[in-house]
Amino acid sequence: ANWRYAHEEYEGDVQDVFAYKFKEYIEDNSDNTVQVYRFGELGESDDIMEQTQAGILNFVNQSPGFTGALIPEAQIFFIPYLMPTDMESVVTFFRESKAINDDFPKLYAEKGLELLKMYPEGEMVITLDEAITTPEELKNKKIRVMTNPLLSETYSAFGATPTPLPWGEVYGALQTNMVQGQENPIFWIQSGGLYEVSPHLIFTGHGWFTTAMMANQNFYEGLSDADKELVRKASDFAFEEILDHIDGLADEALAKIQESSDEVTVTRLNEEQIAEFRKRAPQVEAKFVEMAGDSGQQLLNQFKQDLEDIKK
Amino acid sequence: MATILMVIMIGLLLMGFPMMIPLTTAAVVGFVMMFDGFGQMGTFIQQMMGGIRPASLIAVPMFILAADIMTRGQSADRLINMVMAFIGHIKGGLAISAATSCTLFGAVSGSTQATVVAVGSPLRPKMLKAGYSDSFTLALIINASDIAFLIPPSIGMIIYGVVSQTSIAELFIAGIGPGLMILFMFSLYCLLYAYKNNVPTEPKATWGERGRAVREALWPLFFPVIIVGGIYGGIFSPTEAAAVCVLYAFLLEFLIFRSLKLTDIYRIAKSTGLITAVVFILVAVGNGFSWILSFAQIPQAILESVGINEAGPVGVLVTICVAFFIACMFVDPIVVILVLTPIFAPAIQATGLDPVLVGVLITLQVAIGSATPPFGCDIFTAIAIFKRPYMDVIRGTPPFIAMLIVAAGLIIAFPQIALFLRDLAFPA
Amino acid sequence: MTENSPDLDDTGHYDSGLPGFLGTIDEWIAKIEAVMLAAGVILMALNTCVNVIARFVFGEGMFFSGEINRILIILVTFAGIGYAARHGRHIRMSAIYDAIPARGRKVLMIVIALFTAAMMFFLCYHSYGYIVTLYDRGRILPALGIEIWTIYVWAPIGFAVTGIQYLLTAVKNLTSKDVYLSTGLVDGYAETETEV
Ligand code: NA
Ligand code: NA
């Protein structure tokens, strides 16, 4: 059969690499084919999610940030300083976390979606019109965020003024100083040329951009056991490939940025400076629980438990 | 499937259906073929609503509203009077004034048709009286109004920017160079025409009269300053510029010139709303139509069959120009932009062409095509407004079309004509 | 560049082609549509202007401004399509149609009106279905917190009103001598000297 798979990124971005690795495994190991649709080809992120729920698409990749309107608990990834920062712990977390591997699939299943994989794309980096090291310096700065209320709360907590804007308007808004900054994984900052208009990079270590790949549940349930196995194995294969892919990706992207611009500065907050930002996280946790209710609280507890477990 | 959809669409278009119907019918047939029935029509509705979702679309009704207020007020006449005071007396001055007024009014209005009305209505009788032939006059007005489509603001550029996700601010700035170049070409032609036919010149205005004309036009002259200066200076986005224009037009006509009464607002807003709805329903169904094309991978198939992958950047540009030019000879420009832009998107991306340059060329082609027989829609506007028979309206157009095609060739050969100002305003 | 007639206001008054009580209802619907169109555009202008001013004066735009405009665009579009149908203002390529003799034009106009009406009712039905789906999924506008389905209700209403208008246009053409482009507009492109 020909399976259709849509994601939210451009050619060569992490989700695109994941999708094509998935496709490669399926096509090498069966007679099935996979048609990949990239950003914009079938509409916005919300559109492709609805199309998957309607069964037009078989697979979809949507970041939990966008899934917030559907599954409020998915916004947990926006709570700052919840996730570890170093690549190794992040990978271990995604492999072993009960929250990710047991709890989330149930939440997605309630919405008719079979969660196949959650995977990290990269550490979030803030770009600004000047280098800063304290929340005080963020005051009165308008920071572009995805249209997600919890993410707005994070930047309010950091002292900034969150400004929700669609992705298509970010570059222009930075250029005309309508906003003074934004956050994204470094490879997006590089591929989108955002450093040209917002040259001061701040590594705050507050979170990792995470995304999720899923299938329409009716479609998945209707597959033969062999095909289910195939799909599972293909997502595992793509997951391992993507971990390889993102390892070192950030450094490469940063090198490319520094090569093409002399204006760029890089600020990595030290432990002391991070502590000042970390102090503001509880306010966002409270907001998360307010939005996601008891089930959100349980998920948050499980997250923290999982993080304890991997530290051992 | 591509062939079936195209045949349905063109057939219904030519029969005279409202343009939303050919698009909708072709899309519905596409859905039925793709999903074996009507089961997934929800996605068509989803994509219709998605089509009118982008925030930048607000600029369309705002610019229409601003131009509508000014056309009904005195701004347009004051601009024309100022141009006349300065160049009315030179050889061919009346014709050059008409072209220049179209360009200036184009900096206020986003559409060619509004420009035809605002500039053509007062100047055509004057030109006829001065001894210009009617076919020359009509052709000049129709084609000079095309300049308004290139000079910001431009509704065509807004729609192209939304569909192709290109910066509307950059498109606006890039339209200025080509617009002025075409004005220069047209002015030269007017000069030659006036010498050849020995059209008498107009009396020269005194410096006192000129001073008064400038003072009167000063207020409306601020429009281009707001739009170009605002975007250029990074003060606001095109949508915000549009809102500021509305505010400014309102202050001007209602408070300063007192040419309109508050009760006129209702009628003006209603007329703006009507024009907006008629365009946006097309944007909506156009988005639904291009979704099914994209889902069925038709653009890739079409581009492959015309061998675009071997064409190289210039080949792709020329193909795009020809396609848009021909399509606009038959169909409304907005529909052409909505349908053809997504089809060529993969080729534009693959060749690494600057989407802003492509946008400027498309806007120009769209303007030329709509002034070209047999069915260019500007021709029919002119027939309706000036009540002239079809043959009279088209007789004078060939030299203008030729000049516009040369202009397109120049822009392809020297992209800096369009990109120079853009690069100055938005250094990469 | 797309308005059918660049005339400033040829939609001043509207006399329904329907008899008696139905005609009164029809004229009321026309009035409501006109008010929605004008109000939608004025609110859009106000909302956008206030947002610009807020950004300059207070350094901060209104975070819900974009969503309000999104609501108003939908309102204006779907109030407008019915109104445009009523006044025969939808964009069409009428060059070939106009070249046909009156009798042929009449037949063609009936076909066009009937098919367009059918298409509008088809879209009405499916947009209703889509709203039901959205209602079940409970998606909301992030800034305003309004359920998205509520802002889409104008779609099926607008399609229904437009469908009825085209149906009436077909009936009008079947029952009278002239060719009608809409219930209120006689087709007289080149022959009549209407004020523009
Ligand atoms: Na213009
Ligand atoms: Na034109």
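In the annotation of an unreviewed UniProt entry, the entry for chain C reads TRAP transporter small permease protein, and the organism field reads Marinobacter psychrophilus. Check the Subunit (unreviewed entry) section of the UniProt entry for chain C; it says "The complex comprises the extracytoplasmic solute receptor protein and the two transmembrane proteins." Quoted verbatim from the Sequence similarities (unreviewed entry) field of UniProt, the annotation for chain C is "Belongs to the TRAP transporter small permease family."

**Q** Before we go on, may I ask you to explain the interface of chain A and chain C in this structure?
**A** In this complex, chain A contributes 11 residues to the contact, which on the side of chain C involves 9 residues. When chain A packs against chain C, close to 1000 Å² is buried across both sides, 48% of that on carbon and sulfur atoms. Its largest share of buried area at the contact with chain C, chain A owes to Glu-50, Ala-69 and Lys-142 of chain A, together 43% of the area lost on that side. Taken together, chain A and chain C are joined by 0 salt bridges. Linking chain A with chain C are 2 residue pairs in polar contact (both at pLDDT 80 or more), by the criterion used here. The dominant element in the side of chain A that touches chain C, judged by the number of residues it contributes, is helix H2 (residues 45–53) of chain A, at 4 residues. Its residues assigned to classes, the side of chain A that touches chain C shows 5 nonpolar, 3 polar and 3 charged.

**Q** Can you help me understand the interface of chain B and chain C in this one?
**A** Listed as interface residues are 73 residues of chain B and, on the opposing side, 61 residues of chain C. Note on chain B versus chain C: buried area summed over both sides is about 6100 Å², and carbon and sulfur give 78% of it. Counting the contacts that link chain B with chain C gives 3 residue pairs in polar contact (both at pLDDT 80 or more). For the side of chain B that touches chain C, the element with the highest residue contribution is helix H13 (residues 264–295) of chain B, accounting for 17 residues. Per-class residue counts for the side of chain B that touches chain C are 49 nonpolar, 15 polar and 9 charged.

**Q** Can you walk me through the coordination of the sodium ion (ligand 2) in this structure?
**A** As a benchmark, a tetrahedral metal site with four donors has ideal angles of 109.5 degrees, while an octahedral site with six donors has ideal angles of 90 or 180 degrees. Residues and elements named next belong to chain B. Within the protein, the sodium ion (ligand 2) binds to Asp-146 (OD), Ala-367 (O) and Asp-378 (OD); these donor distances fall in the range 2.0 to 3.2 Å. In primary-sequence terms, the residues that donate to the sodium ion (ligand 2) follow D-x220-A-x10-D. Taken together, the positions of Ala-367 in helix H17 (residues 355–370) and Asp-378 in helix H18 (residues 377–386) put the pair 11 residues apart, joining distant regions of the chain. When its relative accessible area of 1% is taken as the criterion, Ala-367 is described as buried. With a relative accessible area of 3%, Asp-378 lands in the buried category.

**Q** For this particular structure, what's the right way to read the side chain of Ser-30 of chain A?
**A** Residue and element names in this part refer to chain A. As for its position among the elements, Ser-30 is in the loop between helix H1 (14–29) and strand S2 (33–37). A polar side-chain atom of Ser-30 sits 2.8 Å from the main-chain carbonyl oxygen of Ile-26. Within polar-contact distance, the side chain of Ser-30 engages the backbone nitrogen of Asn-32 at 3.1 Å.

**Q** So what exactly am I meant to see when it comes to the coordination of the sodium ion (ligand 1) here?
**A** Residue and element names in this part refer to chain B. Only Gly-106 (O), Ser-109 (O), Ala-148 (O), Ile-151 (O) and Pro-153 (O) from the protein reach the sodium ion (ligand 1) as donors, at distances of 2.2 to 2.4 Å. Here the donor residues for the sodium ion (ligand 1) map to a single chain with the spacing G-x2-S-x38-A-x2-I-x1-P. A residue pair is termed long-range when its members are at least 10 positions apart, and Gly-106 in helix H6 (residues 93–106) and Ala-148 in helix H8 (residues 134–150) qualify at 42 residues. Relative accessible area serves as the criterion here: at 0%, Gly-106 is assigned to the buried category.

**Q** Where do I start with the side chain of Glu-285 of chain A in this structure?
**A** Residues and elements named next belong to chain A. Note on placement: Glu-285 falls in helix H15 (residues 281–311). Within the structure, the side chain of Glu-285 is placed 2.9 Å from the side chain of Lys-304, a separation counted as a polar contact. If sequence neighbours within four positions are ignored, Glu-285 has contacts with Ile-79, Leu-300 and Lys-304.

**Q** Looking at this model, I keep getting lost on the pairing of strand S6 (residues 161–164) of chain A. Mind explaining?
**A** The side chains of a regular strand alternate between both faces of the sheet. All names here are of chain A. Relative to S6, strand S5 (residues 142–145) runs parallel, the two being bridged by 4 bridges. Bridge pairing in S6 places Ile-143 opposite Pro-162. Between the parallel pair S5 and S6, the chain is carried across by helix H7 (residues 149–157), and the sense of this crossover is right-handed.

**Q** Quick question: what am I supposed to make of the packing of aromatic side chains here?
**A** Any two aromatic rings considered together are summarised by their centre-to-centre distance and by the angle between their planes. Using the criterion set out here, one finds 45 aromatic pairs over all chains in the structure. With a centroid separation of 5.6 Å and 80 degrees between ring planes, the pair formed by Trp-3 of chain A and Phe-219 of chain A is classed as edge-to-face. Pair noted here: Trp-3 of chain A is in strand S1 (residues 2–6) and Phe-219 of chain A is in helix H11 (residues 217–221), with a separation of 216 residues, a long-range link. In terms of burial, Trp-3 of chain A and Phe-219 of chain A fall into one category: buried. Look at Tyr-5 of chain A and Phe-22 of chain A: their rings are 5.6 Å apart centre to centre, the planes differ by 65 degrees, and that puts the pair in the edge-to-face class. Here Tyr-5 of chain A is found in strand S1, whereas its partner Phe-22 of chain A is found in helix H1, with 17 residues between them in sequence. No difference in accessibility class separates Tyr-5 of chain A from Phe-22 of chain A, as the two residues are buried. These aromatic residues form a ring-pair network of at least three members: Tyr-37 of chain A together with Phe-31, Phe-35, Phe-44, Trp-291 and Phe-295 of chain B. Above the ring of Phe-257 of chain B, the side-chain terminus of Arg-78 of chain B is found at 3.5 Å from the ring centroid.

**Q** For this particular structure, what's the right way to read the pairing of strand S3 (residues 59–62) of chain A?
**A** Residues and elements named next belong to chain A. The side-chain alternation of S3 yields two buried faces, one formed by Phe-59 and Asn-61 and the other by Val-60 and Gln-62. Strand direction decides the pairing type here: S3 and strand S9 (residues 208–216), joined by 4 bridges, are antiparallel. The partner of Gln-62 across the bridge, within S9, is Ala-212.

**Q** Help me understand helix H13 (residues 249–260) of chain A, please; the structure alone is not making it clear to me.
**A** Because an α-helix packs 3.6 residues into every turn, residues spaced three or four apart end up facing the same way. Residue and element names in this part refer to chain A. Spanning 12 residues, H13 covers 17 Å between terminal C-alpha atoms, matching the ideal 16 Å at 1.5 Å per step. Every buried residue belonging to H13 is among Leu-249, Ala-253, Leu-254 and Ile-257, and all of these are buried. On an axial view of H13, the arc spanned by its buried residues comes to 130 degrees, and they lie on one face. Among the exposed residues of H13, those pointing more than 90 degrees away from its buried face are Asp-251 and Glu-259. In this fold, the buried residues of H13 make contact with H1, helix H9 (186–191), helix H10 (194–197), strand S8 (200–203), helix H12 (225–246) and strand S10 (265–268).

Conventions adopted
- Residues numbered from 1 in each chain as written.
- Chains lettered and ligands numbered in written order.
- Predicted model: local features only at pLDDT ≥ 70, side-chain atom pairs only at ≥ 80, totals over all residues.
- Heavy atoms only, no water.
- UniProt positions renumbered as here; feature names shortened; annotations may be inferred.
- Contact = heavy atoms within 4.5 Å.
- Buried area = accessible area lost by both parts, 1.4 Å probe.
- Salt bridge = Lys/Arg side-chain N within 4 Å of Asp/Glu carboxyl O.
- Polar contact = N/O pair within 3.5 Å; in protein donor to acceptor, adjacent residues only side chain to side chain.
- Helix = DSSP H or I, 4+ residues; strand = E, 2+ residues; numbered from the N terminus.
- Nonpolar A, V, L, I, M, F, W, Y, C, P; charged D, E, K, R; others polar.
- Donors = N, O, S within 2.8 Å, 3.2 Å for Na, K, Ca; no water.
- Buried < 20%, exposed > 50% of the residue type's maximum accessible area, 1.4 Å probe, protein only.
- Pairing = 2+ DSSP bridges.
- Right-handed = clockwise from strand over helix to strand, strands pointing away.
- Phe/Tyr/Trp six-rings, centres within 6.5 Å; stacked < 30°, edge-to-face > 60°.
- Lys NZ or Arg CZ within 6 Å of the ring centre and 35° of its normal.
- Expected span 1.5 Å × (residues − 1).
- Arc of directions from axis to C-beta.

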